[in-house]
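This is what each chain is made of:
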Amino acid sequence: RHPCFLPRKASKTPPLHPPNSRAMGLEEDASALFSEFEDLEDTGSGNVVDDADDDAFLPPKKYASDMTSHELRAQLQERGVQPKGFEDEDADTLQSLLDEEYTADVAAKRQERREARMHAAKQAGLAKRRQKMDQQLHEEQVELEKDGRVDFWLQLISSGLAPPASRFHLNDVTCRSLSKSLWSSSCVVALDVGRMGLSDLSGAYLGRAMKNNRSVVKLDMGGNLFGPKTCRALAESLEANDTVRHVNLESNSLVKDEEGKHDVSGVVALAKMLKVNRTLQYLNLYRCNVQSEGGHALVQGLAENETLIFLEVGNNGLGQPQMRRMAARLDENRARYERNKEEEGETRRIMEAEAKERKAREDEMEKKENLKQWMADQKVLRAVRRREEMEERVEKERAEAQRLREEEEERRKKEAEEAAAKEAKKKKKKGKKK
């Protein structure tokens, strides 16, 4: 068993994060992450305004027929219209102006009331959104406190230290926490959440996480309660995802929503995804109750797909013509895949040969450059040695000349001394004869 599944022992080693750091991290990122998954749940944050209105707020309508001649003239003059002096005609003119003013006033008041209702609805939606976000965060904190193993794994994922292949038991709340961690995770390569009884909404959260995740390659979601909502979220993500290659959805009733109603929209979304996805190679829909309508959509989607090489659709009530068309298309894709592998292998061998040849040329050029540099260095060294030898020879000749001069001086000095001694001796003998 994995060490994190064993009972915890007292240890002086600090945890990966200080106390409550998980809660702090969730609270800091909650708003940003919630917005990425918000549309999966009915938060009621949309600005839905009821256009139905009553006339209780409307101002009383004015009638020119109720005014005196003096009032008619005054009202027309206020509006820049010169009275004609005929009461009936002036009344008709004023009534037309009053009706236009009344219509504009009613429209302005209705717009004002609508904007007020829209603002109130927006505020109510934001309050409901915040309430839903706080509720989710509280639920996740409570569940993580209950199950320290899941909390430990989520810390590993958030820290980028989780093993590439991950499986740990989840419920709907901790699955939601995992999905938010996977949104920006870069360490999990194979994720197994199979046979955990997770709801369709939990599957939708996992599917949405793949929209931004670029590390998961294999996703095993078999044997849960996933349905149309999961398929739609996953299909939307896989239209943009270029990492996931293996998806297992077997033993999920993909055409039954959470209320038990028949809904093939999820399978249709998966089929449309196949038309644009160029990465997925394995899709297991075994025993998913796809039926003929879903099979027809899959046939159409697969017809425009060139990369899927394995599609398991057994035990789904599909007709033999549909199965044969899928099998034929998969055979074409597998043949194309093998050809591409051979071409890639040949291209790789050619590139390796070219790289080897290029390396040999570079080594030969480097060898020649090294030799050329060595010869230049040797030439410089020989010049230096010759200069040193010449300087040494000149120095020796100078020293030898100095020695000879000193010897000559010494000889002359000695001869002078001997001559002086002889002269002194001669003088001494002459003195004795006298």
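Here the structure is a predicted model, which is why all the values come from computation and not from measurement. (Residues numbered from 1 in each chain as written. Predicted model: local features only at pLDDT ≥ 70, side-chain atom pairs only at ≥ 80, totals over all residues. Heavy atoms only, no water.)

1. Thoughts on the overall build of the protein chain
Logical step 1: A tally of helices and strands in the protein chain yields 10 helices and 6 strands.
Logical step 2: Here the protein chain holds 434 residues, and the buried ones make up 34% of them.
Logical step 3: Across the protein chain, the fraction of contacts at a sequence separation of at least 24, relative to all contacts at a separation of at least 6, is 81%. (Helix = DSSP H or I, 4+ residues; strand = E, 2+ residues; numbered from the N terminus. Buried < 20%, exposed > 50% of the residue type's maximum accessible area, 1.4 Å probe, protein only. Contact = heavy atoms within 4.5 Å.)

2. Remarks on the state of the cysteines
Logical step 1: Applying the stated criterion across every chain yields a total of 0 disulfides.
Logical step 2: With no disulfide of its own, C231 has C288 as its nearest cysteine by sulfur position, at a separation of 7.5 Å. (Disulfide = S-S within 2.5 Å.)

3. Quick word on the packing of helix 7 (residues 228–238) against helix 8 (residues 265–276)
Logical step 1: Relative to each other, helix 7 and helix 8 sit at 15°, their axes nearing to 7 Å. For the element pair helix 7 / helix 8, the angle class is roughly parallel. In this structure, helix 7 crosses over helix 8, and the sense of that crossing is left-handed. Across from P228, C231, R232, A235 and L238 in helix 7, the residues of helix 8 making contact are S265, G266, V267, A269, L270 and M273.
Logical step 2: Grouping the constituent residues of the contact of helix 7 with helix 8 by class yields 8 nonpolar, 2 polar and 1 charged. (Axes fitted to C-alpha atoms, helices over the stretch in contact; angles between N-to-C directions. Parallel < 35°, antiparallel > 145°, perpendicular 65-115°, else oblique. Left-handed = near helix turned anticlockwise from the far one by under 90°. Nonpolar A, V, L, I, M, F, W, Y, C, P; charged D, E, K, R; others polar.)

4. Quick word on the sheet that holds strand 5 (residues 282–284)
Logical step 1: Reading across from one edge, 1-2-3-4-5-6 is the order of the 6 strands in this open sheet, with parallel pairing throughout. Each of the sheet's edge strands pairs with one partner strand only, and the pair in question is strand 1 (165–166) and strand 6 (310–312).
Logical step 2: Relative to strand 6, strand 5 runs parallel, the two sharing 3 bridges. What sits directly across from L283, in strand 6, is L311. (Pairing = 2+ DSSP bridges.)

5. Section: the packing of aromatic side chains
Logical step 1: Applying the stated criterion to the full structure yields 4 aromatic pairs.
Logical step 2: Here the aromatic rings of F37 and Y205 are separated by 5.1 Å at their centres, their planes lie at 10°, and the arrangement is stacked. A residue pair is termed long-range when its members are at least 10 positions apart, and F37 in helix 1 (residues 21–37) and Y205 in helix 6 (residues 200–209) qualify at 168 residues. An identical accessibility class is assigned to F37 and Y205; each is buried.
Logical step 3: Aromatic side chains W153 and F168 sit 5.2 Å apart centroid to centroid with 20° between the ring planes, which places their arrangement in the stacked category. Of this pair, W153 sits in helix 4 (residues 148–159) while F168 sits in the loop between strand 1 and helix 5 (172–182); the two residues are 15 residues apart in sequence, bridging distant segments of the chain.
Logical step 4: The buried category is assigned to F168, whose relative accessible area is 4%.
Logical step 5: The structure contains a cluster of three or more aromatic residues connected by ring pairs, namely F37, W183 and Y205. (Phe/Tyr/Trp six-rings, centres within 6.5 Å; stacked < 30°, edge-to-face > 60°.)

6. Thoughts on the pattern of salt bridges
Two side chains bearing opposite charge may form a pair once their charged atoms approach each other closely.
Logical step 1: Enumeration according to the criterion identifies 31 salt bridges in this entry.
Logical step 2: Close ionic contact of D242 with R214 constitutes a salt bridge, the shortest N to O distance being 3.5 Å. With D242 in the loop between helix 7 and strand 4 (246–248) and R214 in the loop between helix 6 and strand 3 (218–220), this residue pair connects regions lying 28 residues apart in the sequence. (Salt bridge = Lys/Arg side-chain N within 4 Å of Asp/Glu carboxyl O.)

7. Re a nonpolar patch on the surface
Logical step 1: A cluster of nonpolar side chains, contributed by L371, W374 and M375, occupies part of the molecular surface with about 350 Å² of accessible area.
Logical step 2: Counting through the fold element by element, L371 comes out in helix 10 (residues 320–433).
Logical step 3: Its relative accessible area of 49% is what places L371 among the partly exposed residues. (Patch = residues over 30% accessible without salt bridge, like charges linked within 9 Å, V, L, I, M, F, W, Y side chains within 5 Å. Areas by Shrake-Rupley, 256 points an atom, 1.4 Å probe, with all protein chains shown as cover.)

8. Examining the confidence of the model for the protein chain
Logical step 1: Taken over all residues, the pLDDT of the protein chain has a mean of 87, while the share at 70 or more is 89%.
Logical step 2: Mean pLDDT across the secondary structure elements of the protein chain bottoms out at helix 1, with 67, and peaks at strand 4, with 98. (pLDDT = per-residue confidence, 0-100.)

9. Considerations on the nonpolar core
Logical step 1: By size, the foremost hydrophobic cluster in this structure holds 63 residues, and its most contacted members are L170, L178, V193, L285, L298 and L311.
Logical step 2: When contributions to this core are tallied by element, the ones reaching two or more residues are helix 1, helix 4, helix 5, helix 6, helix 7, helix 8, helix 9 (291–303) and helix 10.
Logical step 3: No other element matches helix 8, which puts 6 residues into this core.
Logical step 4: Non-local contacts of L298, meaning those with residues more than four positions away in its chain, are made with V267, A271, L274, L285, V290, V313 and M326. (Core = buried A, V, L, I, M, F, W, Y, C linked by side-chain atoms within 4.5 Å.)

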